[in-house]
Amino acid sequence: MELQDRYRRKVNYLRISVTDRCNLRCQYCRPLGKEDFLPHGELLTFEEILQVVKVLAEHGIRKVRLTGGEPLLRRGITELIEGIAQVEGIEDISLTTNGVLLERFAGDLKRAGLKRVNVSLDSLRPERFALITQRDAFQEVWRGIEAAMKEGLEPVKINVVAMKGFNDDEIEDFARLTLRMPLHVRFIEFMPVGENQWEISRVIGCKEILERVSHLGRLIPIPSGEFDGPARRFKLEGALGELGMISPLSSHFCSRCNRLRLTPDGKLRACLFSDEEVDLKAYLRTMGEEGILVALKEALDKKPFIGVRDGFRIRKCQRGMHEIGG
Ligand code: SAM
């Protein structure tokens, strides 16, 4: 069975944010002053999440990503993964993490059925990492990346939010990593989300990033596969890894968008840049499984099409990224 929205886009990907809590305090994601977290009772239980995945898989969802907050902070996360991995129809299950706890979890995640991980890392310099995240944990994250590679949670993707005057002097260093390691380094344009201190002057477009990395060697474009998502992929000639450019601002990928997002408190979101949410949890708790389908239909009907245009297009969403999960 295939799920389609009203623009006939195939929707087969669900991103589930399992918590809004995080053990890092990245300035651009959860700024200081934002101290409140959802009470535990507001969160979808694992049983409910599994129920949602089962019903959506029956209707065409094939790929699931767990995110947060920091998903490895939610107790029992490996059991949830084990449950999702057994759902018929789910072909791909991945996780986005800041990597701090990854060394400890990598083996269990693999055994639970996780296929691969994306690790968010905005600097290769320990002092700068500590400045961005408010925690001196670069070495833990790096050991986490190594553990994920060792366990075969591959490809291990490194997500770098590129910000002018902050980490843009490391773009080439990140790209060079792919020459000697089988990592997929993906540069993401800095987005205006929640109450973050976003300014257009801090954004580096993927075009500029691509131009800069092209000085390191010949860039070979790689065609995208069905589950590749919005990244435009490249390989530096002779490299073990890959580069990816994710450009939500400079080049919207609405026409290829195949995603739905589930927030920790059970809201179904059809677009990162739209604040429209459907209260799936309320439907589920009053109507049972039937309620999941009602929420699904409503979300698909609301899924917008912003379209493609050149240049930066700014549409800020109100909820913080630490709640939506990126
Ligand atoms: N804690 C996990 C992690 O660090 O990957 C998962 C949640 S985090 C919100 C998911 C991703 O969103 C991270 O890669 C983070 O860098 C990215 N992100 C947060 N705020 C962003 C922004 N304003 N623009 C672009 N990416 C952002």
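The structure we're discussing is the one just above.
Residues numbered from 1 in each chain as written. Predicted model: local features only at pLDDT ≥ 70, side-chain atom pairs only at ≥ 80, totals over all residues. Heavy atoms only, no water.

A.B. asks: Is there a simple way to think about the overall build of the chain in this case?
C.D. replies: The helix and strand tally for the chain stands at 10 helices and 12 strands. Principal-axis analysis of the C-alpha atoms gives the chain an extent of 55 × 45 × 40 Å. Put simply, the chain has 326 residues, and 60% of those count as buried. For the chain, contacts bridging at least 24 residues in sequence account for 73% of all contacts bridging at least 6. Total accessible area computed for the chain in this model is approximately 13800 Å², and 50% of it derives from carbon and sulfur atoms. The averaged location of the 49 negative side-chain charges in the chain is 3 Å from the averaged location of its 52 positive side-chain charges. (Helix = DSSP H or I, 4+ residues; strand = E, 2+ residues; numbered from the N terminus. Buried < 20%, exposed > 50% of the residue type's maximum accessible area, 1.4 Å probe, protein only. Contact = heavy atoms within 4.5 Å. Areas by Shrake-Rupley, 256 points an atom, 1.4 Å probe, with all protein chains shown as cover. Lys, Arg positive; Asp, Glu negative; His and termini not counted. Charge placed at Lys NZ, Arg CZ, Asp CG, Glu CD.)

A.B. asks: What should I look at first to understand the pattern of salt bridges in this one?
C.D. replies: Close approach of charged atoms allows side chains with opposite charge to pair. Under the defined criterion, the tally for this structure stands at 24 salt bridges. The partner of lysine 10 in a salt bridge is glutamate 2, and the shortest N-O contact between them spans 3.5 Å. Residue classification places lysine 10 among the partly exposed positions, given a relative accessible area of 35%. When the shortest N-O distance is used, the salt bridge between arginine 269 and aspartate 275 registers 3.7 Å. With relative accessibility at 0%, the residue arginine 269 sits in the buried group. Within this structure, Arg125, Arg128, Asp169, Glu170, Asp173 and Arg176 form a network of salt bridges that share partners. (Salt bridge = Lys/Arg side-chain N within 4 Å of Asp/Glu carboxyl O.)

A.B. asks: How should I be thinking about helix H1 (residues 46-58) in this particular structure?
C.D. replies: Side chains of residues three or four places apart in an α-helix project in the same direction, reflecting 3.6 residues per turn. Under the 1.5 Å per step criterion, the end-to-end length of H1 is 18 Å for 13 residues, consistent within 8% with the ideal 18 Å. Taken together, the buried positions of H1 are occupied by Phe46, Glu48, Ile49, Leu50, Val52, Val53, Val55, Leu56 and Ala57. At its buried positions, H1 is contacted by strand E1 (13-17), strand E2 (63-67), helix H2 (77-85), strand E10 (259-262), helix H8 (280-287) and helix H9 (289-302). Count one or two residues on from H1 and you reach glycine 60, which has phi positive near 125°. (Expected span 1.5 Å × (residues − 1).)

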